[in-house]
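Inside the fold
Each chain is listed here by its residues.
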Amino acid sequence: MTATLAPVRVRGCDVRRYRVSPAWGTLAPMTTTPDGATRMPAADDVPTTDALLARVAGGDEAAFAQVYDALAPAVYGTCLGVLRDRDHAAEVTQEVMVEVWRTAARFDAALGSARTWALTLAHRRAVDRVRAVQAQRNRDQRVLDEQGERPFDVVSEQVEESLDRERVRHCLDGLTPTQHEAVVLAYYGGRTYREVADQLAAPLATVKSRIRDGLIRLRDCLGVVTP
Amino acid sequence: VSTDDDARALLGAYALDAVDDVERREVERLLERDADAAREVAGLQATAALLGAAGSTQPPAALRADVLAAISRTRQVPAVDDAAVDHTASDHTASDHTASDHTASDHTASDDTAVTPGLVVDHGSPTAPPTPRPTTAATPFPTSSPTDAPSVVPGTEPGAPIPITSARSARTPRRSTTWLAIAATALGAAVVPSVLAVQQAQRGDRAEQQAQAVAELLADPDATVVRADVTGGGTAVGVLADERALFTATGLDEPGAGREYQLWILRDGEALPEDVMPDDDGSVRALADDFRPGDALAVTVEPAGGSQTPTTDPVVVLTPTEV
């Protein structure tokens, strides 16, 4: 995983690219020095959640506590982004973290980072919860109201400011309006693409493409590198 | 091949959990055999994870202690042996929770899919079972992830949905009794759905997925069964649940050359297009995934390939009140 990413030149801005490494399990900022060289962070600097998870798989509760500390804010944030309710988000976060413990042996670093694994699970469980509790109508309206602005931080003042967050915002802004709408409704709104199509009065195939193309554009903008 | 293309078009929606259960399984089957698709999904899931991580927020402080207490009571599952992703692997998972009431007949069902007694996909169990007995958590769904995707268990042999009931009853008598009662009700009202489940299980992957959806539908305690005569001959039966409906009809006339039966959802005075239903010796069937409470089902004869709006009058309409 030594793929290099062409630095993006933005006049007057701190130029950063990120890579997602399965070995690190987290976003690592890559800084660009004034002479244009890209400096990679040393792998040793980055907490190795993936390595901790291997210990968790062996029943190491202390290692799990570290994994909890590393992942719980992102898991909770993911749940909160979808559920928009602190109590529900906390419950689902607990479910997800216990599931991480329970199925740690099933985690395969070759397929993605521990963080992606946990957050994929978190989103899935949050969406399941949303579909189960049927607050759909209210949330729809809220998602629609908010999607043009900040889909992931309206619910909490305690959101952690981070580079990830700024990057995501920047890259979401880089989508076409229709891609943005479809991705936001699906991810943060917890809606199926059929529901998105229904709501936007767009053909199913069109919505499928918007979601996929939008995600691919986000992936490239965020510099996600996969195994 | 076209099914593969359909699944490929869904990769983005899959990465956002924006697909239904049947579509999810279609995509996961594609991922098992198509490395490019698997790679794309891995990247899109990592991207989606960043959308979630962008909202990182410290959870309530008390949650940490709760979780640490919960995991100390929670047994871990062993790694899945990739070479043995089959009933055995699934069984290990299930027995992990249910060693005390594990039985020899219990070689198919995992507890994870509490409402899918027939064709089981092992994606991990409900979280944090505080007791050995499997509970139906609020979210009894697969935990789709790159790690879980390859662990899809190819279900049971054709025709399995009915016998599985007994396998479940060995472990979860209360639920199974319910399921049996519901199944009996449904079967009493109309034999067609169970026959359908079996037939479809014999037709390969997609049919198997549909059969699972049928099994889920039959297990839904709120599902109602409606039936009506079809204009021109035949009988239509619908099983209507809150979020899904099964339509099936038998004894139909041929729709005519270049024409097909198409299912519609009637909602608020509008007809929403569903699948065309290939005529199978006078029988047709389809799952309506967009069905909502209060909707009705209708069938028309349309030009082959289907229409966006009905071009003929319906040959049958099934409404929820028509029990």
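What you see is a predicted model; the values in this text were computed from it and never measured.

Time to look at the state of the cysteines. Residue and element names in this part refer to chain A. Taken as a whole, this structure holds 1 disulfide over all chains when the rule is applied. The disulfide partner of Cys171 is Cys221, and the S-S distance across this bridge is 1.9 Å. The sign of the S-S torsion, about -75°, decides the handedness of the disulfide formed by Cys171 and Cys221: left-handed. You can see Cys171 sitting in helix H6 (residues 163–173) and its partner Cys221 sitting in helix H9 (residues 204–222), a full 50 residues away along the chain.

Glancing now at the confidence of the model for chain A. All names here are of chain A. Averaged over every residue, the pLDDT of chain A is 77; the share at 70 or more is 66%. H9 holds the highest mean pLDDT among the elements of chain A, 96, whereas strand S1 (residues 16–20) holds the lowest, 37. Across residues 1–46 the pLDDT falls below 50, and counting only partners more than four positions away or on other chains, this stretch makes 99 contacts in the model. Taken together, the stretch residues 153–157 has pLDDT below 50 and engages in 12 contacts with residues farther than four places along the chain or on a different chain.

Turning our eyes to something else, we now look at the interface of chain B and chain A. Chain B puts 73 residues into the contact, and the matching count from chain A is 77 residues. Taken together, the two surfaces of chain B and chain A that pack against each other cover about 6,600 Å², and 60% of this comes from carbon and sulfur. Considering only the surface of chain B that becomes buried against chain A, Leu51(B), Thr57(B) and Gln76(B) emerge as the three largest contributors, covering 10% of it. The tally of links from chain B across to chain A stands at 5 salt bridges. In this structure, Asp290(B) engages Arg194(A) in a salt bridge whose closest nitrogen and oxygen atoms are separated by 4.0 Å.

Residues and elements named next belong to chain B. Read across the open sheet, the 4 strands follow the order S5-S4-S7-S8; overall the sheet is antiparallel. In this open sheet, the two strands that pair with only one neighbour each are strand S5 (270–277) and strand S8 (316–318). Looking at each pair of strands side by side, their axes are set apart by 30° on average, direction ignored. The sheet contact formed by strand S4 (residues 259–267) and S5 spans 6 bridges and is antiparallel. Its bridge partner being in S5, Ile265 is matched across the sheet by Leu272.

It is worth spelling out the sheet that holds strand S3 (residues 245–250) of chain B at this point. All names here are of chain B. Reading across the sheet, the 4 strands line up as S1-S2-S3-S6 and stay open at both edges, with antiparallel pairing between neighbours. Each having just a single partner strand, strand S1 (224–229) and strand S6 (284–288) make up the two edges of the open sheet. Going from strand to strand, the sheet's axes swing by 15° on average, the running direction of each strand aside. Relative to strand S2 (residues 235–240), S1 runs antiparallel, the two sharing 6 bridges. Paired with Val225 across the strands is Val239, a residue of S2.

Another point: the pairing of S6(B). Looking along a regular strand, one sees the side chains alternate between the two faces of the sheet. Residue and element names in this part refer to chain B. With 5 of its 5 residues buried, S6 lies for the most part within the structure. Side chains Val284, Ala286 and Ala288 of S6 all project onto a buried face; the interleaved residues Arg285 and Leu287 project onto the opposite face, where all are buried too. Where S3 meets S6, 5 bridges bridge the pair, whose relative direction is antiparallel. Across the sheet, residue Thr248 finds its bridge partner in S6, namely Arg285.

What follows is about the packing of helix H4 (residues 114–133) of chain A against helix H4 (residues 35–53) of chain B. The contact between H4(A) and H4(B) brings their axes to 9 Å, and the two run at 70°. Taken together, the axis directions place H4(A) and H4(B) in an arrangement best described as roughly perpendicular. Mapping the contact onto sequence places Arg115(A), Thr116(A), Leu119(A) and Thr120(A) in H4(A) and Gln45(B), Ala46(B), Ala49(B) and Ala53(B) in H4(B). Among the residues making up the contact of H4(A) with H4(B), the classes are represented as 4 nonpolar, 3 polar and 1 charged.

Time to look at unusual backbone geometry. Not every positive phi belongs to a glycine, and Ala201(A) is a case in point at roughly 55°. In this structure, Asp17(B) is a non-glycine residue whose phi angle is positive, near 60°. You can call Asp17(B) buried: its relative accessible area is 3%.

Okay, the pattern of salt bridges next. Within this structure, the stated rule accounts for 19 salt bridges over all chains. Arg292(B) is the partner of Glu195(A) in a salt bridge, and the nearest nitrogen-oxygen pair spans 3.7 Å. Pair noted here: Glu195(A) is in helix H8 (residues 193–200) and Arg292(B) is in the loop between S6 and strand S7 (296–303), and the two residues belong to different chains. Of the residues examined, Glu195(A) reaches a relative accessible area of 16% and is grouped as buried. The class of Arg292(B) is partly exposed, set by a relative accessible area of 25%.

Definitions and limits used
- Residues numbered from 1 in each chain as written.
- Chains lettered and ligands numbered in written order.
- Predicted model: local features only at pLDDT ≥ 70, side-chain atom pairs only at ≥ 80, totals over all residues.
- Heavy atoms only, no water.
- Disulfide = S-S within 2.5 Å.
- Helix = DSSP H or I, 4+ residues; strand = E, 2+ residues; numbered from the N terminus.
- pLDDT = per-residue confidence, 0-100.
- Contact = heavy atoms within 4.5 Å.
- Buried area = accessible area lost by both parts, 1.4 Å probe.
- Salt bridge = Lys/Arg side-chain N within 4 Å of Asp/Glu carboxyl O.
- Pairing = 2+ DSSP bridges.
- Axes fitted to C-alpha atoms, helices over the stretch in contact; angles between N-to-C directions.
- Buried < 20%, exposed > 50% of the residue type's maximum accessible area, 1.4 Å probe, protein only.
- Parallel < 35°, antiparallel > 145°, perpendicular 65-115°, else oblique.
- Nonpolar A, V, L, I, M, F, W, Y, C, P; charged D, E, K, R; others polar.

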